[in-house]
Amino acid sequence: MAFWIGILRAVEFSPNSNDLNIMKKVAEKLQVANQKVSMISERDFIEGEITGDAYFSMARSESALRLLDEKERQGAAVFNSANGVRNCSRPVITNLMMQNQIPVPQSVILNLADSERDLPPLKYPCWLKRGDSCAQQKADVSFVQNEKEYGEAVEDFKKRRIFSAVLCEHLAGDVVKFYGVAETPFFYWYYPTLDGGHSKFGLEKINGRAQQFCFDVRALKKIADQVAYIADTPVYGGDCIVDASGNFKIIDFNDWPSFSSCVDEAAEAISSFLLKHYSDNGNNKK
């Protein structure tokens, strides 16, 4: 029996989401597998002295990630790793995907403190996205249709002390959200613009109601799993745009999402992955 600690994500890093459900479900699956599990908030993890054999974590604050780094150095298993979470910051994951020929929109990483980069090199419309952290409010991902709107979005970022950003082209087509767990058959996708689709900020509506263009789901899973491997983020979620020809490009990739549309299936896949990798690493405790 191993002692697992589940670390809940601080609310500011996950607005309009219900992260608790997936964490509870994973904990339940681990307990059924005769594992001991304790749940803790991101803040309490940082401030406390709790130590386990393994951690399954949604934490994103740098303080929590540094502590998880230390736990790994001490021999604990951590999923997703702190390094994987950092790799999912927008500038880093954008670079990783471009360097590995992953299909993505044309993108430019910006330092908004550099006055020489005031104007975007992309055609309008395009998207200005916060790069120093995940989106915490709607304005952190801004759809800009002209130079005036771009300037206003940049000034808003600067006022909020946000200087790291990614600018990417706008793609026409269906928005598809997907969830996966690397090295497992689990892969779930849906259209957030159709009835019942969940959305944090409603930005998917800019692309309009999904036309449900045909695309190769197996190819999308293969590419998504490749990104998960590159980023060291086996528990992942993301978004892509599918055009009328069935081609897709990934526009977002995240560490450990809420899996709000598929909690039960995701928890089964995640718990299986955690137990397998814990055991494969020689950490299986009776």
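Keep in mind the model is a prediction, meaning the values are calculated, not measured.

### A word on the sheet that holds strand β10 (residues 187-190)
Pairing is antiparallel in the open sheet, where four strands are placed in the order β10-β9-β11-β12. Two strands close off the open sheet at either side, each with one partner strand: β10 and β12 (248-255). Here the average twist between neighbouring strands, direction ignored, is 20°. The pairing of strand β9 (residues 174-181) with β10 spans four bridges and is antiparallel.

### Topic: the sheet that holds strand β8 (residues 164-169)
Taken together, the four strands give an open sheet; going across it, the order is β5-β8-β6-β7, and neighbouring strands pair in antiparallel fashion. Only two strands of the sheet have a single neighbouring strand rather than two, namely β5 (107-111) and β7 (141-144). Each adjacent strand pair in this sheet contributes to an overall mean axis angle of 20°, direction not counted. Bridge analysis of strand β6 (residues 126-130) against β7 gives four bridges, and the strand direction is antiparallel. Paired with K129 across the bridge in β7 is V141.

### Quick word on the nonpolar core
By size, the foremost hydrophobic cluster in this structure holds 29 residues, and its most contacted members are W4, I22, F56, W256, F259 and I270. Of all the elements in the fold, those that place two or more residues in this core are α1 (20-32), β3 (54-57), β4 (77-79), β9 and α8 (263-280). In terms of residues, this core owes the most to one element, α8, which gives eight residues. Excluding anything up to four places from it in sequence, W256 contacts R9, I22, M23, V26, F56, S57, M58, F79, N80, V235, Y236 and I270.

### Thoughts on unusual backbone geometry
With an omega of -20°, the peptide bond running from F79 to N80 counts as cis. Mapped onto the elements, N80 comes out in the loop between β4 and α4 (82-87). Cis geometry is adopted by the peptide bond preceding P125, which originates at Y124 and carries an omega value of -5°. Here P125 lies in the loop between β5 and β6. Phi at D232 takes a positive value of approximately 60°, unusual for a residue other than glycine. Mapped onto the fold, D232 is located in the loop between α7 (217-231) and β11 (235-242). Owing to a relative accessible area of 35%, D232 belongs among the partly exposed residues under this scheme. For W256, which is not glycine, the phi dihedral falls at a positive 35°. One can find W256 in the loop between β12 and α8. Since its relative accessible area comes to 0%, W256 is described here as buried.

Criteria and cut-off values
Residues numbered from 1 in each chain as written. Predicted model: local features only at pLDDT ≥ 70, side-chain atom pairs only at ≥ 80, totals over all residues. Heavy atoms only, no water. Pairing = 2+ DSSP bridges. Helix = DSSP H or I, 4+ residues; strand = E, 2+ residues; numbered from the N terminus. Axes fitted to C-alpha atoms, helices over the stretch in contact; angles between N-to-C directions. Core = buried A, V, L, I, M, F, W, Y, C linked by side-chain atoms within 4.5 Å. Buried < 20%, exposed > 50% of the residue type's maximum accessible area, 1.4 Å probe, protein only. Contact = heavy atoms within 4.5 Å.

Shape descriptors only; they carry no functional weight alone.
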